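Results of the structural survey
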Amino acid sequence: METEETPARWEGLPSWLLGQAAGHAHRLLGDGFAAVGARGYHYRLLATLEDSGPASQAALGRRSGIHLSDMVATINELADRGLVERAPDPSDRRRNIVSLTSAGKRQLRRLEKRLAECQDELLAPLSPEERQVLTEMLSRLLDHHNRRTGTSEEPWR
């Protein structure tokens, strides 16, 4: 009986390896966040609010890399759970300012714990030093291509 194997021709290609690893990372993060009732966008928005403070939806979109068409739904989901609050902007009543609540900070801590567990699972075969080197190399690749194209991807939906 013949077994199908991945042809050696592409097994060692960095592009194929990166794609396969990215698929595993996406699955691990999606499952990890789903286990605590969240999505990647939730983490990104809560972390952005904690790092940068209250802001308009447009500013949050720019800071978090979440497209404005996804931002409203994400804010609605978090507001419905009491994790963020919207209030009219005192300088422009047509605009809302979004801020992190105490419950949002607690959820962010849960998500950070889950994220760390997912990172550990993804990078399990690597030593701490190898993880650092991999992160540095991936950052260089991403920075190079983002500068060339003027774009960035939106991971962790």
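Scroll up for the structure.
Computed from a prediction, not measured in an experiment: that's the story for all the values here.

Cut-offs applied
Residues numbered from 1 in each chain as written. Predicted model: local features only at pLDDT ≥ 70, side-chain atom pairs only at ≥ 80, totals over all residues. Heavy atoms only, no water. Helix = DSSP H or I, 4+ residues; strand = E, 2+ residues; numbered from the N terminus. Expected span 1.5 Å × (residues − 1). Buried < 20%, exposed > 50% of the residue type's maximum accessible area, 1.4 Å probe, protein only. Arc of directions from axis to C-beta. Contact = heavy atoms within 4.5 Å. Salt bridge = Lys/Arg side-chain N within 4 Å of Asp/Glu carboxyl O.

Moving on to helix α6 (residues 102-122). The terminal C-alpha atoms of α6, which comprises 21 residues, lie 30 Å apart, in line with the 30 Å expected from a rise of 1.5 Å per residue. For α6, the full list of buried residues reads G104, Q107, L108, L111, L115 and C118. Looking straight down α6, one finds that the buried residues subtend no more than 105° of arc, so they occupy a single side. Away from the buried face of α6 by more than 90 degrees, exposed residues S102 and K113 are located. Taken together, the buried residues of α6 touch α2 (14-34), α3 (40-52) and β3 (92-100).

This part is about the pattern of salt bridges. On inspection of all chains with the given rule, the structure shows eight salt bridges. Linking R95 and D89 is a salt bridge whose minimum nitrogen-to-oxygen distance equals 2.8 Å. Residue R95 is classed as partly exposed on the basis of its relative accessible area of 37%. A salt bridge links R131 to D120, with the nearest nitrogen and oxygen atoms 2.9 Å apart. Separated by eleven residues along the polypeptide, R131 in helix α7 (residues 128-149) and D120 in helix α6 bring together distant segments of the chain. Counted as one network, the salt bridges with shared partners bring together E50, R109 and E112.

Interpretation note: all reported values are geometric properties and have no functional meaning in isolation.
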